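Reading the structure
Chain by chain, the residues:
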Amino acid sequence: MFYKLKKKIGMKYREATPIQLLVAYYAIATLVTFFLLCLPVFKLPDAPKTTLLDDLFMAISTISVTGLTTFPIDQVYNQYGVILLEVLFQVGGFGVTMLATVAMVLTGRRIGLHQRQLIQFDMNQPRLSGMVKLVTSVFGLMLMVQLIFGILFSLYFAWNEVYPTFSEDIFHGMYISVSAVTNAGFDVTGDSIIPFRNDHLFLLIIMVLIVIGSIGYPVLTEIEAWLVYKFKYPGRRKFRFSLFCKLAVFFAVIFTVVGTVLLYLSENEGFKLRADSLSNFMSAMFYSVSARNAGLQINSMNDFNHTTLLMLALLMFIGASPSSVGGGVRTTTIGIFILYLYSFIRGRNNINIFNRRISQGDVQKAIVVVSLSTLLCVCAVFILSVTEDAPLLALVFEVASAFGTTGLSLGITESLSTLGKIVIMVLMFVGRIGMLYTLMFFIRKRDRDLSYKLPTEKIIIG
């Protein structure tokens, strides 16, 4: 019987596409996380009892590095539980295949073509070459950033006597560093980073760490290669960045600047805990960065007016760059969609930017992803409006936060019904995997496009 089961599993494995295997690996990682989070060793002795559904919700939120929870983390998990969460953030942030590849490199195992294909799909890369080098470079860089800033935060907390003991300074310093880089918005203190809301330098560093995690792994490796090139070959010809790198940085800057300006104008007399224009501007910029990626907060979401909350929901829906720790529709997808609309209105057939033309295939993917992501979120809001006793704006905010794997909430997560929690779990999982890969999951290897073209006939549109 065991032999037959093994043979059947092997056959299914060979028939599966890389996308299906990738989704299966994330599902397995979620189940392992669920099992670990249920263990009493990671919970406080007097912790309130959690249901299996709550633990599964927490597992999906952890692997998708979202930050939404149905219970207060500081009242349930002990320090070992928080350390476990930090480890799981790496799994969710780096990706299952990246960590598996790093383990294979460290143990000297050969990385075959199939594993390289999985890396390619997990990191959303157009080419198969250079996958292992990209994985090892990104892994080393991200760990180094987390460690360096974790030490700096620990020393900062010790210098300002933020916590009673130095061990607590190290504990919280490392957690904030890991949480910011992996864009995991989990609040393990009950106050997020609200105590540091007036420390502008601290907020700037947090924003830099969030951007490092959300800008995209290929961008980080290209910037690293550019720095090495400048150091090794000073005065030589200009280093050429890829179009993806340019677009990822360009749209990240655009969305950050536009979000900052709109949030500042919307809350010109808001940000109730602020006293001057600089603090208001820093708050607007912080939320413009954090809402698209990390979900860290410096005041209660209920302090904002409805216009600001809608803007934050839109930023969460947009999300981070592709091939990063963040979720959502992704910045380049929205960017290409906007460029397509602009080109269509101007009567142009092609999208040209940075002296390059974006392929029609990428344009079609962007349109499909934006359209279906919007449809998915609208359907989720509709279902929640039937099952939940909460204001519509709070439901829209919750859905955008789950799909964007952000973690901000207006405080309705704990009171969600069973069906409501399932809807949010699906959104978190899809937001982490990506809408495009979710669709491709249902395409079998045997499914092929027609090898011939049917006659074309125009229809009336509009």
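To start, this report covers the structure provided alongside it. In this text, all values refer to a predicted model and were calculated from it rather than measured experimentally.

Next up on the list: a positive patch on the surface. The grouping of Lys-230, Lys-238, Arg-240, Lys-246 and Arg-356 at the surface amounts to a positive patch. The class for Lys-246 is partly exposed, based on a relative accessible area of 33%.

For the pair helix 12 (residues 243–266) and helix 13 (residues 277–290), the least separation of the axes is 8 Å and the interaxial angle reads 135 degrees. Between helix 12 and helix 13, the crossing angle belongs to the class labelled oblique. By crossing handedness, the relation of helix 12 to helix 13 is classed as right-handed. Contacts from Phe-255, Thr-256, Gly-259, Thr-260, Leu-263 and Tyr-264 of helix 12 reach helix 13 at Ser-277, Asn-280, Phe-281, Ala-284, Met-285, Tyr-287, Ser-288 and Val-289. Looking at the contact of helix 12 with helix 13, its residues break down into eight nonpolar, six polar and no charged.

The next subject is the side chain of Glu-398. Residue placement: Glu-398 occurs in helix 17 (residues 392–403). Despite its burial, Glu-398 pairs with no opposite charge, the nearest such side chain being Lys-421 at 10 Å. Residue contacts for Glu-398: discarding those within four places in its chain leaves Leu-68, Ser-409, Leu-410, Ile-412, Thr-413, Leu-416 and Ile-424.

Turning to the pattern of salt bridges, a few remarks are in order. Following the criterion strictly, the structure yields two salt bridges and no others. Note that Lys-43 and Asp-55 form a salt bridge whose closest N and O atoms lie 3.6 Å from each other. In this pair, Lys-43 sits in the loop between helix 2 (18–38) and helix 3 (52–63) while Asp-55 sits in helix 3, placing the two residues 12 residues apart along the sequence. The pair formed by Lys-43 and Asp-55 is uniform in burial state, with each residue classed as buried. With its nearest N and O atoms 2.8 Å apart, the salt bridge here joins Asp-54 to Lys-421.

Parameters at a glance
- Residues numbered from 1 in each chain as written.
- Predicted model: local features only at pLDDT ≥ 70, side-chain atom pairs only at ≥ 80, totals over all residues.
- Heavy atoms only, no water.
- Patch = residues over 30% accessible without salt bridge, like charges linked within 9 Å, V, L, I, M, F, W, Y side chains within 5 Å.
- Areas by Shrake-Rupley, 256 points an atom, 1.4 Å probe, with all protein chains shown as cover.
- Salt bridge = Lys/Arg side-chain N within 4 Å of Asp/Glu carboxyl O.
- Lys, Arg positive; Asp, Glu negative; His and termini not counted.
- Charge placed at Lys NZ, Arg CZ, Asp CG, Glu CD.
- Buried < 20%, exposed > 50% of the residue type's maximum accessible area, 1.4 Å probe, protein only.
- Axes fitted to C-alpha atoms, helices over the stretch in contact; angles between N-to-C directions.
- Helix = DSSP H or I, 4+ residues; strand = E, 2+ residues; numbered from the N terminus.
- Parallel < 35°, antiparallel > 145°, perpendicular 65-115°, else oblique.
- Left-handed = near helix turned anticlockwise from the far one by under 90°.
- Contact = heavy atoms within 4.5 Å.
- Nonpolar A, V, L, I, M, F, W, Y, C, P; charged D, E, K, R; others polar.

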